Amino acid sequence: MSKSLPYSVKDVHYDNAKFRHRSFFKVITQTLFTSDMKRECVSCSTGKFLGLFMIFGLACLMLTHASKTPSVTDGLSKGLGTNEEQKVVTDVGLRFKKLLRRAPRLPPRLSGDEKVSSGIFTGKPNEHDEEKWKARQRNVKEAFTHAWSGYKKFAMGYDELLPLSMQGFDGLGGLGATVVDSLDTAMIMGLEEVVSEAGSWIESNLLERISQKGDVNLFETTIRVLGGLLSAYHLSGGDQDMNLANTGPKPTIYLEIAKNLADRLLSAFTSSPTPIPYSDVLLKNSSAHPASNLLSSTSEVSTLQLEFNYLSAISGDPKYKTEGMKVFAHFKTLPKVEGLVPIYISPHSGEFIGQEIRLGSRGDSYYEYLIKVWLQLRSIQDGNFTYLYDMYEEAMRGVRHLLVQKTIPNELVFVGELPGGSKGSFSPKMDHLVCFLPGTLALGATKGITKEKAMKDNLLTIEDFENLKLAEDLAKTCFEMYSVTSTGLAPEIAYFHTKDFYEDGLGGGNQSSEYVNDIIIKFNDRHNLLRPETVESLFVLYRITQDPKYREWGWQIFQSFEKYTKVDSGGYTSLNDVTTLPPQRRDKMETFFLGETLKYLYLLFGDSSVIPLDKFVFNTEAHPFPIKDAIYLEGGSNIMKGTM
Ligand code: DMJ
């Protein structure tokens, strides 16, 4: 592992002196009364006395003549120096009081320049801009319609569309996963025809499928199918405070099917000898079994709780939440490496297996759900779930300390892996999946409100600022993983040039990219599955920082999807190699392209008041669930409270 300084110390450009601020009064008195001075003062000369007097007088002058215009910091520190009506006498009095008080321990403030470069944009976008983004949002809607039309034409009722061979394929157990994954996107986009088609298919077919189908993966079925049904329930008026669907089945239909499915999925928990569920479920007879290696993935068993908690809240039955939350309670007791966890766990022993640590495949959404489940449940305020926040904070410190490095020559920030745990060596490798992290970090820092508001209300801690900084740095790297290739689309996995690692001749193919020597793409990793993680993070970062660059980056990525993955006959396809032109195509449209990628792009280009991040939490498959006390306390007959 690199011996260089950890990211938290080396890379965050906030002057720590700012946090140990000394007041002007302290500076003067401390300088005059150092130990040497004190000794000499016994025989203080008149000259020294006059000097002291002059400095004191000067200080008074500076205070009384200081500009009355409040500085950014003044305006932000509660109520001080912002009232223009105050009389000068009161002002001076206040200033003296201020001098005599201990300097407050405020989190760092950004200067005007830093604000611009770090993306706090308070000015309203002009009309032309708004029109531009509305038009771009329409382009995304058209892309969704094209994707759905291909699926409907060739693969309706199958899990996925194979757009080149123009047929369907059941890769996820045969529950029509694309239909359910797409439905809430269509609702958000106001595509009534699609809502009606998808809704009718679900109403007429899904229960039967659920009762007849065999093996499904617990995690995939929960995040895509159960998650899709639950957000369709909410968005179609289930909680009675919004209704985006003028057509399709009643919300209770979605809820009934969700309960039937979840009851079967629960067998993965109840048949395991520990709180860690088995990975697979046989739907037709509600039985469960472990994967062939007898292990469960860490991320899979910890990425079920948003869905199960919400289902408990709306159904009034606590069993889903009880089983799901046992997993986190168990994780709390397990040993970790600075909050980081190995990617496999045994449902038989309940212990982690192996040492591999990464935020990519099999590790990723463990970290995402720690903070999101806390956000979902924190309104209950019974203190039972603060351990989730603590685990998240510790893990992010671990990420900053152990996993973050910068590339050569251009200092891109990336999150690497520890293939041998804390004792093994560092690998400068990052799955595209890791690009969920910028969004999660930003959400965890401001809890879904804008950075501007969070700063105004003095809500951000130093760690929040560090996490936000890492979020922005990492989002840039994720975007450059797209820009560096010939197609403008990211590979599945990238390696990074560091002092310990470089391989020549494995660039992305875009010679005009500044980062062509920083990012290395191995032959086996050159595919693109239409994944959402980068645009997901751009969406969250845009909402939180209001920096328009995230929209522009999203637009560039969208255009590349349009150019290289669109299939004329309908649908979009994965690619085999993003570094060569024309790219070889792979013949698969993943369900998350409709469920996540296009939804996040649509929301990124649209009005920020739609599905606000402080009122909704998106599951890992981009299905939004509401966060509000009423649902979790009253709607669920207080079932969310105290079930742990
Ligand atoms: C999706 O199913 C989810 O986002 C999951 O968390 C990770 N993999 C895919 C998208 O890449």
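In the annotation of an unreviewed UniProt entry, the entry for the protein chain reads alpha-1,2-Mannosidase, and the organism field reads Gossypium tomentosum. Recorded in UniProt under Pathway (unreviewed entry), the annotation for the protein chain is "Protein modification; protein glycosylation."

1. Let's talk about the site of the ligand
Taken together, Ile-223, Arg-224, Leu-433, Arg-531, Pro-532, Glu-533, Phe-592, Glu-596, Thr-620 and Glu-621 make up all the residues around the ligand. One nitrogen or oxygen atom from the side chain of Glu-533 is found 2.6 Å from an oxygen atom belonging to the ligand. Across the complex, the protein chains shield 92% of the 290 Å² of accessible surface that the ligand would expose by itself. For the shell around the ligand, the elements supplying multiple residues, two or more each, are helix H11 (218-235) and helix H24 (591-605). Along the lines of polarity and charge, the residues of the shell around the ligand split into four nonpolar, one polar and five charged.

2. Observations concerning the pattern of salt bridges
For side chains of opposite charge, pairing can occur when their charged atoms come near one another. In this structure the tally under the stated criterion is 32 salt bridges. Across the salt bridge formed by Lys-588 and Glu-160, the nearest N and O atoms sit 3.5 Å from each other. Here the residue Lys-588 occupies a position in the loop between helix H23 (549-565) and H24, and Glu-160 occupies one in strand S1 (residues 160-162), the gap between them amounting to 428 residues. Neither Lys-588 nor Glu-160 differs from the other in exposure class; each is buried. Between Lys-319 and Asp-317 there is a salt bridge, with its nearest N and O atoms 3.7 Å apart. The class of Asp-317 is partly exposed, set by a relative accessible area of 27%. One salt-bridge network, held together by shared partners, links Asp-129, Lys-132, Arg-136 and Glu-552.

3. Some remarks on the environment of Glu-596
By secondary structure assignment, the location of Glu-596 is in helix H24. Each C-alpha atom of the pair Glu-596 and Val-535 lies 9.0 Å from the other, and the pair is 61 residues apart in sequence.

4. A short note on the packing of aromatic side chains
Across all of its chains, the model carries 21 aromatic pairs by this definition. When the ring of Phe-308 is compared with that of Tyr-320, the centres are 6.4 Å apart and the planes differ by 75°; the resulting orientation is edge-to-face. Here Phe-308 is found in helix H15 (residues 305-315), whereas its partner Tyr-320 is found in helix H16 (residues 319-333), with 12 residues between them in sequence. Accessibility assignment for this pair places Phe-308 and Tyr-320 in one class, buried. Residue placement shows Arg-136 over the ring face of Trp-133; its charged tip is 4.7 Å from the ring centre. Here Lys-332 stacks its cationic end above the ring of Tyr-387, 4.5 Å away from the centre of that ring.

5. A short note on the UniProt feature "binding site: Ca(2+)" (unreviewed entry) in the protein chain
Under the feature "binding site: Ca(2+)" (unreviewed entry), the UniProt entry names Thr-620. One can find Thr-620 in the loop between strand S14 (616-618) and strand S15 (624-626). Residue classification places Thr-620 among the buried residues on the basis of a relative accessible area of 14%. Within the structure, the side chain of Thr-620 is placed 2.9 Å from the side chain of Glu-368, a separation counted as a polar contact.

6. Thoughts on empty space enclosed by the protein
Empty space left among the atoms is revealed by rolling a probe the size of a water molecule over them. Overall, the coordinates contain two cavities of 30 Å³ or more when judged by the stated rule. Considered as a void within the structure, the largest cavity measures approximately 90 Å³ in volume. Forming the boundary of the largest cavity are Lys-372, Gly-439, Thr-440, Leu-443, Glu-536, Val-540, Tyr-600, Leu-613, Phe-616, Val-617 and Phe-618. Sorting the residues of the lining of the largest cavity by element identifies helix H19 (437-446), helix H22 (533-545) and S14 as the ones contributing at least two each. Along the lines of polarity and charge, the residues of the lining of the largest cavity split into seven nonpolar, two polar and two charged. As for the second largest cavity, its lining consists of His-432, Ala-490, Pro-491, Glu-492, His-527, Asn-528, Leu-529, Leu-530 and Arg-531. Each residue belonging to the lining of the second largest cavity can be placed in one class, and the counts come to four nonpolar, three polar and two charged.

7. Description of the UniProt feature "active site" (unreviewed entry) in the protein chain
In this numbering, the UniProt entry assigns the feature "active site" (unreviewed entry) to Glu-220, Asp-364, Glu-492 and Glu-533. Here, the second largest cavity is lined by Glu-492 out of the annotated residues. Structurally, Glu-220 can be placed in helix H11. Leaving out residues up to four positions away in the same chain, Glu-220 has contacts with Leu-172 and Val-225. Tracing the chain through its elements places Glu-492 in the loop between helix H21 (462-483) and strand S12 (493-496). Setting aside residues no more than four positions away along its own chain, Glu-492 makes contact with Met-430, Asp-431, His-432, Asp-525, His-527, Leu-529 and Arg-531.

8. Re the side chain of Ser-312
Considering the arrangement of structural elements, one finds Ser-312 in helix H15. Taking relative accessible area as the criterion, Ser-312 reaches 0% and is therefore assigned buried. In terms of polar contacts, Ser-312 uses its side chain to reach the backbone amide nitrogen of Lys-321, at 2.9 Å.

9. Quick word on the pairing of S12
Alternating residues of S12 divide into Ile-493 and Tyr-495 and Ala-494 and Phe-496, and every residue in both groups is buried. Relative to S12, strand S11 (residues 429-431) is paired through three bridges, and the arrangement is antiparallel. When the bridges of S12 are listed, Met-430 appears paired with Ala-494. As paired strands, S12 and strand S13 (residues 519-520) are joined by two bridges and run antiparallel to one another. Residue Tyr-495 lies in a different strand from S13, and its bridge partner there is Ile-520.

10. Examining helix H8 (residues 127-155)
In this model H8 runs 41 Å from its N-terminal to its C-terminal C-alpha over 29 residues, within 8% of the 42 Å that 1.5 Å per residue would give. Among the residues of H8, Trp-133, Arg-136, Gln-137, Val-140, Ala-143, Phe-144, His-146, Ala-147, Trp-148, Gly-150, Tyr-151 and Ala-155 are the ones counted as buried. Against S1, strand S2 (167-169), helix H9 (177-189), helix H10 (192-212), H23 and H24 lie the buried residues of H8. Looking at where H8 begins, the residue whose side-chain oxygen comes 3.2 Å from the main-chain nitrogen of His-128 is Asn-126. One or two residues past the end of H8 sits Gly-157, with phi positive at roughly 95°.

11. Some thoughts on the sheet that holds S13
Neighbouring strands of a sheet are bound in pairs by backbone hydrogen bonds; such pairs are parallel or else antiparallel. Ordered in space as S11-S12-S13, the three strands form an open sheet in which the pairing is antiparallel. Only two strands of the sheet have a single neighbouring strand rather than two, namely S11 and S13. Lying over the sheet, H21 contacts S11, S12 and S13, oriented at roughly 80° with respect to S11.

Analysis parameters
Residues numbered from 1 in each chain as written. Predicted model: local features only at pLDDT ≥ 70, side-chain atom pairs only at ≥ 80, totals over all residues. Heavy atoms only, no water. UniProt positions renumbered as here; feature names shortened; annotations may be inferred. Near = heavy atom within 4 Å. Polar contact = N/O pair within 3.5 Å; in protein donor to acceptor, adjacent residues only side chain to side chain. Areas by Shrake-Rupley, 256 points an atom, 1.4 Å probe, with all protein chains shown as cover. Helix = DSSP H or I, 4+ residues; strand = E, 2+ residues; numbered from the N terminus. Nonpolar A, V, L, I, M, F, W, Y, C, P; charged D, E, K, R; others polar. Salt bridge = Lys/Arg side-chain N within 4 Å of Asp/Glu carboxyl O. Buried < 20%, exposed > 50% of the residue type's maximum accessible area, 1.4 Å probe, protein only. Phe/Tyr/Trp six-rings, centres within 6.5 Å; stacked < 30°, edge-to-face > 60°. Lys NZ or Arg CZ within 6 Å of the ring centre and 35° of its normal. 1 Å grid on protein atoms, 1.4 Å probe; cavity = no way out; pocket = protein on both sides within 12 Å on 5 of 7 lines; lining within 4 Å. Points joined across faces, edges and corners; volume = space filled by probe spheres on them. Contact = heavy atoms within 4.5 Å. Pairing = 2+ DSSP bridges. Expected span 1.5 Å × (residues − 1). Axes fitted to C-alpha atoms, helices over the stretch in contact; angles between N-to-C directions.

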